[in-house]
Amino acid sequence: MHRQNHRRRRAPNRGPRAPHESPNRSGIHILQDRSLVRRMVRSSGTEAGDLVMEFGAGPGILTSALAATGARVIAVERHTGFVARLERRFAEEPGVRVVGADARTVMLPRRPYHVVANIPYSISTTLLRRLLDPRTTALAGADLIVEWGFAKRVTADVPRDLETAWWQVRFAMSIAERIPPESFRPAPAVDSAHLVIRRRADVSNAAAHQARLMLQARYRSPRRPAKEILAGHVTKKRAHRLLTSTGIDPPTEAAAVPTAMWVRLARELLRVNAR
């Protein structure tokens, strides 16, 4: 499930809503499109024995579909009312572990795992930082429901910030589909997206490090020509040759070069320097 940050005018003499109250009143939007649930689970490639985390498990619609694959599911939910419902629903499911915790602070696995979740819009950036930033992250992949605009931003060929570019260096990020509001109960005010994230097996740690160095220079000085960024790592002549061989005009501003191309250049640099 996801939650939107709506500013509501509270009626006089009313305390805060209890977590088990109506989803409409607590700002919770529960996924009700069963076909979308099936598509997300199928997209994740979850199989028996896999370790899967679900954040914002709510009443357990996704949890149930994930458990049916035979995977080990860690269902994380911070609202006590939903936690109690999940514990009752999956009491006889040894493959499901219900954890009453916040997705922003719950301990993450140290062995390879997947995430399949309908996450709160408000924690999208915070959660991706936890999953994708660390060099030692054990995340293998994720299938997430996020706000449409957020999905467009993090999958842009030329991200607007270094953080997102760093995510793209080590993880392939794409949009599987646009999700209409009526897929949730109650319907949110905006469209959502099925965001697919997969660890890139073709990028070594050395290539990721090299790409990060160049991206740091690119975001510090976006108007510098790409050849000047590259010339910080090889001779100007070789930088010119590398750029032209990858189809980039050397005078092109660094800000116009997609992240994928910086990764390709990083690989080429490593190959050249290894000679």
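Details of the structure are given in the entry above.
Overview of the structure. Note that the coordinates shown come from a computational prediction; the quantities given were computed from them, not determined experimentally.

Okay, the packing of aromatic side chains next. Scanning all chains against the criterion turns up zero aromatic pairs. Here Arg212 stacks its cationic end above the ring of Trp166, 4.5 Å away from the centre of that ring. Note that Arg218 overlies the ring of Tyr219, its terminal NZ or CZ placed 3.7 Å from the centroid.

Below, the discussion takes up the packing of helix H8 (residues 205–220) against helix H11 (residues 259–273). A pair of packed helices can be characterised by two numbers: the angle between their axes and the separation between those axes. Across the interface, H8 lies against H11 with an axial gap of 8 Å and an inter-helix angle of 125 degrees. Taken as axis vectors, H8 and H11 run oblique relative to one another. For H8 against H11, the interelement crossing comes out right-handed. Contacts between H8 and H11 involve Ala206, Ala207, Gln210, Ala211, Met214, Leu215 and Arg218 on the former and, on the latter, Thr259, Trp262, Val263, Leu265, Ala266, Arg267, Leu269 and Leu270.

Okay, the pairing of strand E5 (residues 96–100) next. Two strands pair when backbone bridges link them, and strand E4 (residues 72–77) and E5 are joined in this way by five bridges, in the parallel orientation. When the bridges of E5 are listed, Ile74 appears paired with Arg97. Between E4 and its parallel partner E5, the chain crosses via helix H4 (residues 80–89), and the hand of that crossover is right-handed.

Further remarks concern a positive patch on the surface. A cluster of like positive charges, contributed by Arg34, Arg38, Arg42, Arg85, Arg88, Arg89 and Arg185, occupies part of the molecular surface. Residue assignment for the positive patch shows that the elements contributing at least two residues are helix H2 (34–44) and H4. Here Arg42 shows up in helix H2.

With that settled, the discussion passes to the environment of Gly49. Positionally, Gly49 belongs in the loop between H2 and strand E3 (51–55). Residue Gly49 is classed as partly exposed on the basis of its relative accessible area, which comes to 46%. In this structure, the C-alpha to C-alpha distance between Gly49 and Thr69, residues 20 residues apart in sequence, is 8.7 Å. Those residues within four positions of Gly49 in sequence are excluded, and the remaining contacts are Gly70, Ala71 and Arg111.

Within helix H7 (residues 162–170), seven of the nine residues are buried, which leaves it mostly tucked inside the rest of the structure. Regarding H7, the residues found buried are Thr164, Ala165, Trp166, Trp167, Gln168, Val169 and Arg170. In this structure, the buried residues of H7 make contact with helix H5 (124–132), helix H6 (148–154), strand E8 (171–179), strand E10 (192–199), H8 and H11. Capping of H7 at its N-terminal end is provided by Asp161; its side-chain oxygen lies 3.2 Å from the backbone amide nitrogen of Glu163.

By size, the foremost hydrophobic cluster in this structure holds 62 residues, and its most contacted members are Phe55, Val115 and Leu131. Those residues in contact with Leu131 that lie beyond four places of it in its chain are Phe55, Leu108, Tyr113, Val115, Thr137 and Leu139. Counting residues in each nonpolar core, the second largest holds 26 residues, with Ala57, Ile61, Phe90 and Phe184 among its members.

Any two side chains of opposite charge can pair, given that their charged atoms come close. Here the structure, examined in full by the defined rule, presents 10 salt bridges. Arg129 is paired through a salt bridge with Glu163; the nearest N and O atoms lie 2.6 Å apart. Residue Arg129 is found in helix H5, and its partner Glu163 is found in helix H7; the two are separated by 34 residues along the sequence. Arg129 gets classed as partly exposed once you look at its relative accessible area, which sits at 40%. On the accessibility criterion, Glu163 (23% relative accessible area) is partly exposed. We note a salt bridge from Asp191 to Arg178, for which the minimum N-O separation is 2.8 Å.

With that settled, the discussion passes to the sheet that holds strand E7 (residues 139–147). Pairing between the strands of a sheet comes from backbone hydrogen bonds, and it takes one of two forms, parallel or antiparallel. Sheet architecture is open: seven strands sit in the order E5-E4-E3-E6-E7-E10-E8, paired in mixed fashion. At either margin of the open sheet sits one strand with a lone partner, and together these are E5 and E8. Strand-to-strand twist in this sheet, taken as the mean axis angle between neighbours without regard to direction, amounts to 20 degrees. Pairing between strand E6 (residues 113–118) and E7: six bridges, direction parallel.

Moving on, we come to the environment of Ala71. Inspection of the secondary structure puts Ala71 in the loop between helix H3 (61–67) and E4. Judged by relative accessible area, which is 3%, Ala71 ranks as buried. Separated by 20 residues in the primary sequence, Ala71 and Leu51 place their C-alpha atoms 6.0 Å from one another. When neighbours within four sequence positions are excluded, Ala71 is seen to be in contact with Thr46, Glu47, Ala48, Gly49, Asp50, Val52, Leu66 and Gly95.

The rules behind the values
Residues numbered from 1 in each chain as written. Predicted model: local features only at pLDDT ≥ 70, side-chain atom pairs only at ≥ 80, totals over all residues. Heavy atoms only, no water. Phe/Tyr/Trp six-rings, centres within 6.5 Å; stacked < 30°, edge-to-face > 60°. Lys NZ or Arg CZ within 6 Å of the ring centre and 35° of its normal. Axes fitted to C-alpha atoms, helices over the stretch in contact; angles between N-to-C directions. Helix = DSSP H or I, 4+ residues; strand = E, 2+ residues; numbered from the N terminus. Parallel < 35°, antiparallel > 145°, perpendicular 65-115°, else oblique. Left-handed = near helix turned anticlockwise from the far one by under 90°. Contact = heavy atoms within 4.5 Å. Pairing = 2+ DSSP bridges. Right-handed = clockwise from strand over helix to strand, strands pointing away. Patch = residues over 30% accessible without salt bridge, like charges linked within 9 Å, V, L, I, M, F, W, Y side chains within 5 Å. Areas by Shrake-Rupley, 256 points an atom, 1.4 Å probe, with all protein chains shown as cover. Salt bridge = Lys/Arg side-chain N within 4 Å of Asp/Glu carboxyl O. Lys, Arg positive; Asp, Glu negative; His and termini not counted. Charge placed at Lys NZ, Arg CZ, Asp CG, Glu CD. Buried < 20%, exposed > 50% of the residue type's maximum accessible area, 1.4 Å probe, protein only. Polar contact = N/O pair within 3.5 Å; in protein donor to acceptor, adjacent residues only side chain to side chain. Core = buried A, V, L, I, M, F, W, Y, C linked by side-chain atoms within 4.5 Å.

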